[in-house]
Amino acid sequence: MASIDRSVVFHRKRSVRVGRRSKPSMDGMDADGSSAAARRATARARARTMEAMEADDVERGDGDGESAFDALSDGREWSLGFLERARDETTTRRERFPSKAGGAPAWLDPVRVPYDEELRAEDGETLDFLLQVYAPVDEEPTAFHRTVYVFASSSGGETHGPRGCRAFRGQLPRENAYYAWDPLPEGMLGRELSREEADARRARCDRWDVSARECEAEMRAPTKTYPEYELVVETEERDEMEASEAMKYMNGTGGEDMTADDVEEIEAEVVNKDMEQLATFHVMLKNDPDQVLRYCPEPGAKPVWPSLTHAPNTDVIPCCERCGAPRKFEFQILPTIISQLGVDAESDYALDFGSVAVYTCSKSCAPVPCDETNRRTGAYAEEYVVVHPPLNQ
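Each chain carries its own residue numbering, running from 1 in the direction its sequence is written. Only residues with pLDDT of at least 70 get local features here, since the model is predicted, and only at 80 or more are side-chain atom pairs given and counted; chain-wide, interface and lining totals rely on the full set of residues. By convention in this description, side-chain values take in all heavy atoms of the structure and omit both hydrogens and water.

Visitor: Break down the pattern of salt bridges for me, citing the residues and quoting the values.
Guide: A pairing counts as a salt bridge when a side-chain nitrogen of Lys or Arg comes within 4 Å of a carboxyl oxygen of Asp or Glu. This structure, assessed with the given rule, holds 15 salt bridges. One salt bridge in this structure joins R93 and E192, with 3.7 Å as the shortest N-O distance. Taken as a pair, R93 in the loop between β1 (79-84) and β2 (100-101) and E192 in the loop between β5 (165-172) and α5 (195-202) lie far apart in primary sequence, 99 residues in all. Using a relative accessible area of 27% as the deciding quantity, one classes R93 as partly exposed. According to the relative accessible area criterion, E192 is exposed, its value standing at 59%. Where E197 meets R191, a salt bridge forms, and the shortest distance between an N and an O atom there is 3.0 Å. Comment: elements are numbered from the N terminus, with helices defined as DSSP H or I runs of at least four residues and strands as E runs of at least two. For every residue, the accessible area obtained with a 1.4 Å probe (protein chains only) is divided by the maximum for its type, and the residue is called buried under 20%, exposed over 50%, and partly exposed between those limits.

Right under this line is the structure:
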């Protein structure tokens, strides 16, 4: 039986690519002035050797003694996510297996969707749909189709509060009740739900389903908090010259625009690890400043946080509650997505975070029967999310 290359069929690459992007100076990275501090911070490393940096990493409990520069040159292949307006209204439908941000979630299993109670923060606040990433796992037959959904609080900086950001993994085998064996031809729509399937979904009070307004449960009207975009993929390019340039920033020799007074001031200061880490974060972004997501399921991959002091503890990630397998890092959502979704950064009630990392079951374990009594979906497994708080908090 012929196989299909899903990297071509189910994942759309970026439609526009004109050479390498321009490389903006560190001055242009942040409107609140933190970029200038970050530029100075990179030069502070001049007084330290790479061995001293690694010793500091061990001291703070990083386990493998990985330096900040190591995080930028780990040899792994990273896929970057960018937002683009959908080509047409059909490209983000569930039968197209989209990766996307904003709008309404395109549920992979369109019937056994999570209950409304599952999409709330610890304090009961309703979470808004942020994005979904389509990421099949070839080694697991039940994950021929696989999507991870992320929901987040839009109340100021509450995204890093208890369950202020939650992720759910849904997956289906190639042969399933909802989708054809092979991808549909361009322009062809998938089948609509039967009456029985629609009734089953309606009973779960999916607030993005128009028919859910008939649900007896108390809930707000169906909502789409953010405008809808496709999340398109591009492999990160980091050649030796760029890695060398990153090293210069890490060692403080890349600030050619600094004056002699700046250098004197810097050399007289005590090294600030948080500013150094922020500089590393900016180096990671500077070649592709409009990236909103970094994806790497390879063993040992880890997020790069914008600070050390407020970085979440990822030393002990809980195992999968369903099968007991260890979880592994899968992707990181960057704060650049906030402005690109049109969020008003001046509002105290706007979505805000420093970065979000999602850890998923390393086995991508199969769905289980739903617990209707306790109103828990079995089609979507909750995964583990860690959130770096906003830098302005």
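Visitor: I'd love a proper account of the pairing of strand β10 (residues 380-388), names of residues and values included.
Guide: By the criterion of burial, β10 is predominantly enclosed, with seven of the nine residues buried. Pairing between two strands is assigned when DSSP locates at least 2 bridges connecting them. With four bridges connecting them, β5 and β10 associate as antiparallel partners. What sits directly across from A167, in β10, is E383. Inspection of the sheet shows strand β9 (residues 355-361) paired to β10 by five bridges, in the antiparallel sense. Note on β10: the bridge partner recorded for A357 is V386.

Visitor: Can you break down the nonpolar core residue by residue, with the values?
Guide: Nonpolar side chains tend toward joint burial in soluble globular proteins. Definition used in this section: a nonpolar core is a set of buried Ala, Val, Leu, Ile, Met, Phe, Trp, Tyr and Cys residues joined via side-chain atoms within 4.5 Å. Formed by 30 residues in total, the largest nonpolar core has its most connected members in L130, L131, F331, I333 and I337. Excluding its chain neighbours within four sequence positions, the residues that come into contact with I333 are L130, L131, V150, V292, L293, F353, S355 and V356. A104, L108, L119 and Y380 belong to the second largest nonpolar core, which has 20 residues in total. Between two residues, a contact is recorded if the distance between any of their heavy atoms is within 4.5 Å.

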